[in-house]
Amino acid sequence: MRVLVAGATGAMGRQLVPRLVGAGHEVHGMTRSETGQELLRELGAVPVVADALDPEQVARAVAQSRPEVVVHQLTAIGPMDLRHFDRSFAPTNRLRTEGTDHLLSAARDAGVRRVVAQSFFAGYDRVGGPVKTEEDPFGTEPPAGMEQTVGAIRHVEDSVLAASWTEGLVLRYGGFYGPHTSLGVDGEQTEAVRRRRFPVVGDGGGVWSFIHIADAAEATVAAVEGGAPGVYNVVDDEPASVATWLPVLAESLGARPPMRVPRLVGRLLAGETGTVMMTELRGASNAKATQELGWTPRHASWREGFRELGALARDERGTAA
């Protein structure tokens, strides 16, 4: 098939594009920069130049590539400030609102038959059990300071699923780790854990779901090629509390155990949003994705993935030394 990947040079795009090419698809990658064009050519894709926030440029890019499938991976995630979460995600929120609208409008005009879009597991309402399925309430009660970000995620989901002219699939990814992510060898979160600047807040009872970036890309290829329209949790097999996974991550990186701070102190350090993520977040089940997309994560648990991350970090530091 002919596939257009919007956001083709990000962490996901760098994993996704070569997998789509390897599966025999003709891949076009949307980028704004000359550097991005060079990278896409190296990955085996045809570069298409467009600013995702410019509707005319997006319309030309989609018309030029004539895709059968559009994959929406548009983000602009930079350094994260949990005390000002929505401010940190403001550029990405624009891409998830305005960018989504431009992309869907162009895709409709081009007769695109399938749209696969990125979402995030952390929007599940913080009520009931610790692990959620796609049928559970999502995004109706976001934490304070995260309203705009969750609202933008909901906009992506609602817009793609409501597009009756195409087959819309939404992938609620777990927290990414691996190459070019904030939890990569030299990622922002990795460094925070190494420096003991990522504490366990309160009881650390917030449940997180993770997914290695390569496994997420494999699931995305599966969604491009098949699966019924709808929502899919793309996460590994082991949702886990912060109090469980954070010490394992620190040990894997050769760091000292994370500090533990009361919830009140956590609010001062990470704000209300960070505190809620540490203490109240709900994880997600991958049962639907594994059954209906025919996908199985190679990293079945973050435990093996974190060990792999730690080994890569030690190798790289040893090489640098």
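Here goes a summary of the coordinates provided.

Observations regarding helix α5 (residues 90-110)
So, step 1. Taking 1.5 Å of rise per residue, 21 residues should cover 30 Å, and α5 covers 29 Å from first to last C-alpha, within 8% of that figure.
So, step 2. Along α5, the helix axis deviates most sharply at Gly99, where the bend reaches about 35 degrees.
So, step 3. Listing the buried residues of α5 in full gives Thr92, Asn93, Leu95, Arg96, Gly99, Thr100, His102, Leu103, Leu104, Ala106 and Ala107.
So, step 4. Among the structural elements, β1 (2-6), α3 (55-65), β4 (69-72), α4 (85-88), β5 (114-120) and α6 (147-162) are those in contact with the buried residues of α5.
So, step 5. Residue Gly111 follows α5 closely and has a positive phi angle near 75 degrees.

Points about the nonpolar core
So, step 1. Grouped together as the largest cluster of nonpolar side chains are 37 residues, with contacts concentrated most on Phe198, Trp208, Phe210, Trp245, Leu246, Leu249 and Phe306.
So, step 2. Contributions of two or more residues to this core are made by α6, α7 (188-194), β9 (200-201), α9 (242-252), α10 (263-279) and α12 (302-320).
So, step 3. Per-element tally for this core: the top contributor is α9, with five residues.
So, step 4. Leaving out residues up to four positions away in the same chain, Leu249 has contacts with Leu183, Val193, Phe306 and Leu309.
So, step 5. One finds Val5, Tyr173, Ile211 and Val234 within the second-largest nonpolar core, a separate group that totals 30 residues.

Side note on the sheet that holds strand β7 (residues 167-173)
Across a sheet, strands are paired by hydrogen bonds formed along the backbone, either parallel or antiparallel in direction.
So, step 1. A sheet is described by the order of its strands in space; here seven strands give the open sequence β3-β2-β1-β4-β5-β7-β12, paired in parallel fashion. Each edge of the open sheet is held by one strand with a lone partner, namely β3 (46-49) and β12 (230-234). Neighbour-to-neighbour, the strand axes of the sheet open up by a mean angle of 20 degrees, direction not taken into account.
So, step 2. Pairing analysis gives seven bridges linking β5 to β7, with the strands arranged parallel. Residue Arg114 lies in a different strand from β7, and its bridge partner there is Glu167.
So, step 3. This element, helix α1 (residues 11-22), spans β1, β2 (26-31), β4 and β7 of the sheet and lies at about 175 degrees to β1.

Focus on unusual backbone geometry
So, step 1. In this structure, Arg66 takes a positive phi of about 50 degrees despite not being glycine.
So, step 2. Structurally, the position occupied by Arg66 is in the loop between α3 and β4.
So, step 3. Residue Arg66 is classed as exposed on the basis of its relative accessible area, which comes to 51%.
So, step 4. Despite not being glycine, Arg196 shows a phi value in the positive range, around 55 degrees.
So, step 5. Residue placement: Arg196 occurs in the loop between α7 and β9.

A few points about the pairing of β2
So, step 1. A large share of β2 lies buried, amounting to five of its six residues.
So, step 2. The pairing of β1 with β2 spans five bridges and is parallel. The partner of Arg2 across the bridge, within β2, is Glu26.
So, step 3. The parallel pair β1 and β2 is bridged by α1, and the resulting crossover is right-handed.
So, step 4. Two elements, β2 and β3, share four bridges in a ladder whose sense is parallel. Each residue of the ladder has a partner; that of Gly29, found in β3, is Pro47.
So, step 5. The parallel pair β2 and β3, bridged by helix α2 (residues 34-43), forms a crossover whose chirality is right-handed.

As for the environment of Ser119
So, step 1. Considering the arrangement of structural elements, one finds Ser119 in strand β5.
So, step 2. Separated by 23 residues in sequence, Ser119 and Arg96 have C-alpha atoms that sit 9.4 Å apart.
So, step 3. Ignoring any residue separated from it by four or fewer positions in sequence, one finds Ser119 in contact with Phe138, Ile153, Glu157, Val170, Leu171, Arg172 and Tyr173.
So, step 4. Among the polar contacts listed, one links the side chain of Ser119 to the side chain of Glu157, at a separation of 2.6 Å.

As for the pattern of salt bridges
So, step 1. The tally for this structure, following the rule as stated, stands at 14 salt bridges.
So, step 2. Measuring nitrogen to oxygen at the nearest pair gives 3.0 Å for the salt bridge that ties Glu238 to Arg303. In this pair, Glu238 sits in the loop between β12 and β13 (240-241) while Arg303 sits in helix α12, placing the two residues 65 residues apart along the sequence.
So, step 3. Classification of Glu238 by relative accessible area gives partly exposed; the value is 22%.
So, step 4. The class of Arg303 is partly exposed, set by a relative accessible area of 31%.
So, step 5. One network of salt bridges, in which partners are shared, links Arg113, Arg114 and Glu167.

Thresholds, definitions, all that
Residues numbered from 1 in each chain as written. Predicted model: local features only at pLDDT ≥ 70, side-chain atom pairs only at ≥ 80, totals over all residues. Heavy atoms only, no water. Helix = DSSP H or I, 4+ residues; strand = E, 2+ residues; numbered from the N terminus. Expected span 1.5 Å × (residues − 1). Bend = angle between axes of the 7 residues up to and from the residue. Buried < 20%, exposed > 50% of the residue type's maximum accessible area, 1.4 Å probe, protein only. Contact = heavy atoms within 4.5 Å. Core = buried A, V, L, I, M, F, W, Y, C linked by side-chain atoms within 4.5 Å. Pairing = 2+ DSSP bridges. Axes fitted to C-alpha atoms, helices over the stretch in contact; angles between N-to-C directions. Right-handed = clockwise from strand over helix to strand, strands pointing away. Polar contact = N/O pair within 3.5 Å; in protein donor to acceptor, adjacent residues only side chain to side chain. Salt bridge = Lys/Arg side-chain N within 4 Å of Asp/Glu carboxyl O.

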